[in-house]
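Read off the chains here:
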Amino acid sequence: MCSVRAAPALSPRRYSLDPVALRAKVRISELHSYAAFGTHLNCTFDLPELAQVPTAPAAAWTVEVRDVAAPAIDGDLLGTDTVYGSVQVRSFAAPGVHRLVFDDTGTFDVLPRVRAIVWYPGAGADSAAMRADLLGRVMALAAHADGGLALHASAVAIDGHAIAFLGPKHAGKSTLAMALVRGGARLMTDDSLVLRFGDGDAVWAAPGVQRVRLWDDSASALGAETVRASGAKPTLDRLPAERLQLSEVPLAACY
């Protein structure tokens, strides 16, 4: 079980990660850039759940992997949640850092000041599970740091407006979204939706993960072909571009 050790307050020297310095250490050709959740993300490993973009702006979030033990922080426990089965995640907050500690994949630190996400892998961390954590709860924290609101929801776009479906695990969010896509809607995101607030009462929904995961019974009912990674929920093949909503649109309703 992972835990946070008592330590002095987080110091700027301890967390001096600079995305510009990271780019200097890593060849630009080795960086993968993505646009999702209303922001941009750079990392040195592939995220097949997202579509790549040629380049990301200087304000992009950068993911760094540090194959060492996570540093101690003087953090307050915010809450605990069950990921699946007996695997849990714990959320901590300390000056300048938001931390998520997963029993299986390890520790993720979100550092808003330098727009960085640092992953300290757990022993034997599975890459598919790591990506699910990164593109779920971790990016939700990053969106929160950017002033957005992250919801546990799937969403589609109909006539240029977003319709979101909220609910706990196994509520059928992905199944309903995919059924509507089969009927002509455009998929915005599966499982994690980021909302951003504009002028007045305007609320904008941002595209997120556009690879739908369905259990076998739902996939069979929708006539969808899936690919199952070891121990993971089956994933549909990437949808054609005409079935994806690639830009932010106004939020019309949440169900």
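See above for the structure.
Student: Can you walk me through the sheet that holds strand β12 (residues 186–189) in this structure?
Tutor: The strands that make up a sheet are held in pairs by hydrogen bonds between backbone atoms, and each pair lies either parallel or antiparallel. Here we have seven strands laid out as an open sheet, ordered β9-β13-β14-β17-β11-β10-β12, and mixed in their pairing. Of all the strands in the sheet, just β9 (149–151) and β12 have a single pairing partner and so form its edges. When strand polarity is set aside, the average angle formed by the axes of neighbouring strands in this sheet is 40°. As defined by bridge partners, strand β10 (residues 153–158) adjoins strand β11 (residues 161–166) across six bridges and the pair is classed as antiparallel. Looking across to β11, one finds that Ile-158 is bridged to His-161. Sheet strands touched by helix α3 (residues 173–182): β10, β11 and β12. Its angle to β10, the strand with the most contacts, is close to 15°.

Student: Sorry if this is basic, but what is going on with the nonpolar core here?
Tutor: Considering soluble globular proteins, one finds that nonpolar side chains tend to be buried as a cluster. If you look at the biggest cluster of nonpolar residues, it comprises 29 residues, and the most contacted ones within it are Leu-47, Phe-108, Ile-117, Leu-134 and Val-138. Within the residue set of this core, elements represented by two or more residues are β1 (32–36), β2 (39–43), β3 (61–65), β5 (87–94), β6 (97–102), β7 (106–111), β8 (116–121) and α2 (127–145). Top element by residues in this core is α2. It accounts for eight residues. With sequence-adjacent residues up to four places away left out, Leu-47 is seen in contact with Tyr-34, Leu-41, Arg-131, Leu-134 and Leu-135. Counting residues in each nonpolar core, the second largest holds 15 residues, with Val-156, Phe-165, Met-178 and Val-212 among its members.

Student: Quick question: what am I supposed to make of unusual backbone geometry here?
Tutor: Apart from glycine, the bulk of residues carry a negative phi angle, and the bulk of peptide bonds sit in the trans form. Not every positive phi belongs to a glycine, and Asp-159 is a case in point at roughly 55°. Mapping Asp-159 onto the fold places it in the loop between β10 and β11. A positive phi angle, near 85°, is found at Asp-191, a position not held by glycine. Tracing the sequence through the fold places Asp-191 in the loop between β12 and β13 (193–197). On the basis of relative accessibility, which here comes to 21%, the residue Asp-191 falls in the partly exposed class.

Student: Would you explain the packing of aromatic side chains in this entry?
Tutor: What characterises a pair of aromatic rings is the spacing of the ring centres plus the angle enclosed by the ring planes. Counted according to the given criterion, the structure contains three aromatic pairs. When the centroid spacing of 5.9 Å and the interplanar angle of 15° are considered together, the rings of Phe-108 and Trp-119 count as stacked. Pair noted here: Phe-108 is in strand β7 and Trp-119 is in strand β8, with a separation of eleven residues, a long-range link. When sorted by exposure, Phe-108 lands in the same class as Trp-119, which is buried. Ring centres 6.4 Å apart and planes at 25° place the aromatic pair Phe-165 and Tyr-255 in the stacked group. Taken together, the residues span a long stretch of sequence, with Phe-165 in strand β11 and Tyr-255 in the segment after β17 (249–254) at a distance of 90 residues.

Student: I tried to follow α3 on my own but got confused; where do I start?
Tutor: Within an α-helix, residues lying three or four positions from one another point in the same direction, as the helix has 3.6 residues per turn. Taken as a whole, α3 has its buried residues at Lys-173, Ser-174, Ala-177, Met-178 and Val-181. For α3, the angular spread of buried residues about the axis comes to 120°, placing them on one side. Buried residues along α3 sit in contact with β10, β11, β12, α4 (216–222) and β16 (235–236). Positive backbone phi, at 120°, marks Gly-184, one or two positions downstream of α3.

About the thresholds
- Residues numbered from 1 in each chain as written.
- Predicted model: local features only at pLDDT ≥ 70, side-chain atom pairs only at ≥ 80, totals over all residues.
- Heavy atoms only, no water.
- Pairing = 2+ DSSP bridges.
- Helix = DSSP H or I, 4+ residues; strand = E, 2+ residues; numbered from the N terminus.
- Axes fitted to C-alpha atoms, helices over the stretch in contact; angles between N-to-C directions.
- Contact = heavy atoms within 4.5 Å.
- Core = buried A, V, L, I, M, F, W, Y, C linked by side-chain atoms within 4.5 Å.
- Buried < 20%, exposed > 50% of the residue type's maximum accessible area, 1.4 Å probe, protein only.
- Phe/Tyr/Trp six-rings, centres within 6.5 Å; stacked < 30°, edge-to-face > 60°.
- Arc of directions from axis to C-beta.

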